[in-house]
Every structure is written in C-alpha cells, then in structure tokens.
Amino acid sequence: YVAAWLVVNSMRMERIQFNMLQMQNVANIWRKRGFSGLVKEHKTFQVNKEQPNVYLRKCLNMFREPLDFSVEASVPMPRIFSETIQKMIDERKQFVMGEDEKLVAEVIETVSKADKMLDLSYVALEAEQQQEQEQEQEQEQEQEQEQEQEEEIEIEKYVDVAYSRDDEAPVPWEFARLRDKNFCTQFYPASDFKLYKGKPIVFAPYILVSNNYFNRTW
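A brief report on the enclosed structure follows. (Residues numbered from 1 in each chain as written. Predicted model: local features only at pLDDT ≥ 70, side-chain atom pairs only at ≥ 80, totals over all residues. Heavy atoms only, no water.)

## A look at the environment of Val 202
Put simply, the test is: Note on conventions: DSSP H or I runs of at least 4 residues are helices, E runs of at least 2 residues are strands, and numbering of each starts at the N terminus. Relative accessible area decides the class of each residue, using a 1.4 Å probe on protein chains only: under 20% of the type maximum gives buried, over 50% gives exposed, and in between gives partly exposed.
Secondary-structure assignment places Val 202 in the loop between β1 (187–189) and β2 (208–210). Exposure remark for Val 202: the relative accessible area of 75% places this residue in the exposed category. Between the alpha carbons of Val 202 and Pro 189 there is a distance of 9.5 Å; along the sequence they are 13 residues apart.

## Quick word on a negative patch on the surface
Short version of the rule: A residue counts toward a patch only above 30% relative accessible area and without a salt bridge, and it is joined to like-charged neighbours within 9 Å or, for Val, Leu, Ile, Met, Phe, Trp and Tyr, to nonpolar neighbours within 5 Å. Exposure was quantified through the Shrake-Rupley algorithm and a 1.4 Å probe, taking into account, for residues, occlusion by the shown protein chains and nothing else. Throughout this description, the term salt bridge denotes a Lys or Arg side-chain nitrogen within 4 Å of a carboxyl oxygen of Asp or Glu. Two residue types count as positive, namely Lys and Arg, and two as negative, namely Asp and Glu; His and chain ends fall outside the count. Charge coordinates come from a single atom per side chain, which is NZ of Lys, CZ of Arg, CG of Asp or CD of Glu.
Together, Glu 132, Glu 134, Glu 136, Glu 138, Glu 140, Glu 142, Glu 144, Glu 146, Glu 148, Glu 150, Glu 151 and Glu 152 make up a negatively charged patch on the protein surface. Of note, Glu 134 is situated in helix α4 (residues 99–162).

## Topic: a nonpolar patch on the surface
Together, Ile 201, Phe 203, Tyr 206 and Ile 207 make up a nonpolar patch on the protein surface, roughly 450 Å² of accessible area in all. Along the chain, Ile 207 falls in the loop between β1 and β2.

## Examining the packing of helix α1 (residues 2–41) against helix α3 (residues 81–91)
Let me state the cut-off plainly: Angular values range over 0 to 180 degrees, each being the angle between N-to-C directions of two axes fitted as lines to C-alpha atoms, with helices fitted over their stretch in contact. Working definition: roughly parallel below 35 degrees, roughly antiparallel above 145 degrees, roughly perpendicular at 65 to 115 degrees, and oblique for all remaining angles. Handedness of a helix crossing follows the sense of rotation of the near helix relative to the far helix, less than a right angle counterclockwise being left-handed and clockwise being right-handed. Any two residues having at least one pair of non-hydrogen atoms within 4.5 Å are treated as being in contact. The residue classification treats Ala, Val, Leu, Ile, Met, Phe, Trp, Tyr, Cys and Pro as nonpolar and Asp, Glu, Lys and Arg as charged. All others, Gly included, are polar.
The N-to-C vectors of α1 and α3 enclose an angle of 15°; their axes lie 11 Å apart at closest approach. In terms of orientation, α1 and α3 fall into the roughly parallel class. Crossing geometry of α1 relative to α3 is assigned as right-handed. When α1 is examined against α3, the residues Arg 15, Asn 19, Gln 22, Met 23, Val 26 and Trp 30 are found in contact with a partner set consisting of Phe 81, Ile 85, Met 88 and Ile 89. Its residues assigned to classes, the contact of α1 with α3 comprises seven nonpolar, two polar and one charged.

Below, the structure is given as structure tokens:
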C-alpha cells in the first residue's frame, strides 16, 4: 500500500505541474500581445488621467496576479481543468487573434485529452480500490469465521473436559474397610461436595460422601 500511495502521489504532483505549465503556455499567448502594446504606447499611459487608456490597462493587468481572500458561502462545484483554461481564454479574446487561435486550440486539445486520461485512470483506480476493499472484507469475514469456529471447538473441548464422566461406574469396596477411617479412601468430607464452579455447604466433619455418589474429578 505504501508503494501504491507513493506512485499515486507522484502522479498527482506531475499532474499539478502539467496544469501549471499549460496555464503558463496559454497565458504567454496574450501576454506577448499585451507586452507589445505596452512597449508601443507606454508614453501615453498617464497623459490623460481623467480618461485612462483602457487597452493599456488591460495589457498591464495581464501581468498581475491578484490574490482573492473572499470566502464563498457554499462549497464550489469542481470543474475540469479544460473548463478553467477555456474561461481564461474567453476573458482575453481581445488579445487572441491570427495564429494565436491555433496555439490556443492546441492547448485546449492537449488539456482535454489529459482530462479524459485522468478520468479513466481515476475510474480504474477506484475500481481497483473497491476490489481491494472487497477482498479485504472477504478475508476479514473468513478470519472471523475461522476464529468463531476455533472458539466453538475450544468451548466444546472445554465442556467435554469440564463435564467429563469418565469412570462413572460404581467402584465396589469391602464392608470391612469401614472399621478403620484410614482405609475409607472411597469417602470424602461432605463439606467438599460441590458442583462445578459452585460453593460447598459446610457440614459436620463426621458426614462423608462416597465417590460412587459424586466423583469430584467429574
């Protein structure tokens, strides 16, 4: 993912540089006209302050890059770059003439092709990302299912072990063993009698329980 991100980021930076280059190329077309006009008529620039030369003002404004600090009230709609270039050209049609029209058309054609290629690349990239997300979701679901199955198996094993009833058959013992307490290993104090995870009840020490009744290893 890191390598893919680096490649995509590099492509975006190259795209930004391409857009800036095309803006400079198209702006140079009318800036050349404006520069020629300023060179020819700069002496009459402020001869009559009450009636300034509008043409020279436009020529001068071509070399200005004003900063706009206004904030729009709504989110602006995104535009493709070819529309931005076309808007710049429409605002300066007065300075685009003759062979310049051919150059402008070439720039628009180049930018339009780049926009189409960019759209196709974004569609392909989105499709790949969606496919990767679907694969990741499938893998996560498979891992969750495997984990659930493992937990179920562990629970079943735990239940089998916790409630084991091995050696459930009663074990016979001789009646004569009751004569001596040391030989009565088949009994245990009733105070130790309890179910799994249960609490025992305290009985008198002489009360015993047989293993044949309930084996504590079950």
